[in-house]
Amino acid sequence: MKPTIEIIADIVAQEYFVSREDIFSAKRTQSVSDARQVIMYLAHKYLYMPYGEIAEYVGRSYNTTRYGIRMVRDRYLFDRGFFQKLNRIKDKINKIKGW
């Protein structure tokens, strides 16, 4: 089965203990913003979605989406806790993909 952005959003929401409604709302708490940025990053990485499509899905601008994806890449390299959390999420996605 191929993962979809909806499946990715569900996995990320569970990992961050936030609701999907919060992720797609105007809320800007740290956990909601982090979850939203991780969804953007994973949609780009696994689904090869262009920034514009991701922006439309999460209800943000093109530039906000680019910034969010870049922030995830940077944090992944330097934040051990974030690295571990993102790897857990990636493992769940890879199980769906059958890898």
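About the criteria used
- Residues numbered from 1 in each chain as written.
- Predicted model: local features only at pLDDT ≥ 70, side-chain atom pairs only at ≥ 80, totals over all residues.
- Heavy atoms only, no water.
- Helix = DSSP H or I, 4+ residues; strand = E, 2+ residues; numbered from the N terminus.
- Rg over C-alpha atoms; globule rule 2.2 N^0.38 Å.
- Contact = heavy atoms within 4.5 Å.
- Phe/Tyr/Trp six-rings, centres within 6.5 Å; stacked < 30°, edge-to-face > 60°.
- Lys NZ or Arg CZ within 6 Å of the ring centre and 35° of its normal.
- Salt bridge = Lys/Arg side-chain N within 4 Å of Asp/Glu carboxyl O.
- Buried < 20%, exposed > 50% of the residue type's maximum accessible area, 1.4 Å probe, protein only.
- Arc of directions from axis to C-beta.

**Topic: the overall build of the protein chain**
Okay, so step 1: Tallying secondary structure elements over the protein chain gives six helices and zero strands in all.
Okay, so step 2: For the protein chain, the α and β elements follow one another from N to C terminus as α-α-α-α-α-α.
Okay, so step 3: Against the compact-globule benchmark of 13 Å for 99 residues, the protein chain has a radius of gyration of 12 Å, which places it among compact chains.
Okay, so step 4: Each principal axis of the C-alpha atoms in the protein chain carries an extent, and together these give about 35 × 30 × 25 Å.
Okay, so step 5: A fraction of 58% describes how many contacts in the protein chain between residues 6 or more apart in sequence connect residues 24 or more apart.

**Points about the packing of aromatic side chains**
Okay, so step 1: According to the stated counting rule, one finds three aromatic pairs in the structure shown.
Okay, so step 2: Ring geometry for tyrosine 76 and phenylalanine 83: centres 4.9 Å apart, planes at 40°, overall tilted.
Okay, so step 3: Above the face of the tyrosine 46 ring, lysine 45 is positioned so that its terminal group lies 5.9 Å from the ring centre.
Okay, so step 4: Its guanidinium or amino end placed over the ring of tyrosine 16, lysine 85 lies 4.1 Å from that ring's centre, counting from NZ or CZ.

**Let's talk about the pattern of salt bridges**
Okay, so step 1: Overall, the coordinates contain six salt bridges when judged by the stated rule.
Okay, so step 2: For aspartate 10, the salt bridge goes to arginine 20, with nearest N and O atoms at 3.2 Å. With aspartate 10 in helix α1 (residues 5–16) and arginine 20 in helix α2 (residues 20–23), the pair connects residues that are ten residues apart, well separated along the chain.
Okay, so step 3: Assessed through its relative accessible area of 34%, aspartate 10 is described here as partly exposed.
Okay, so step 4: Between lysine 92 and glutamate 15 there is a salt bridge, with its nearest N and O atoms 3.2 Å apart. One end of the pair, lysine 92, is in helix α6 (residues 80–97); the other, glutamate 15, is in helix α1, with 77 residues separating them in the sequence.

**Structural notes on helix α4 (residues 51–58)**
The periodicity of an α-helix, 3.6 residues per turn, causes residues three or four places apart in sequence to face the same way.
Okay, so step 1: Buried residues of α4: Tyr51, Ile54, Ala55 and Val58, and no others. Viewed end-on, α4 has its buried residues packed into an arc of 100°, placing them on one side of the element.
Okay, so step 2: Next to the buried residues of α4 lie α3 (30–47) and α5 (62–78).
Okay, so step 3: Backbone geometry just after α4 places glycine 59 at a positive phi near 75°.

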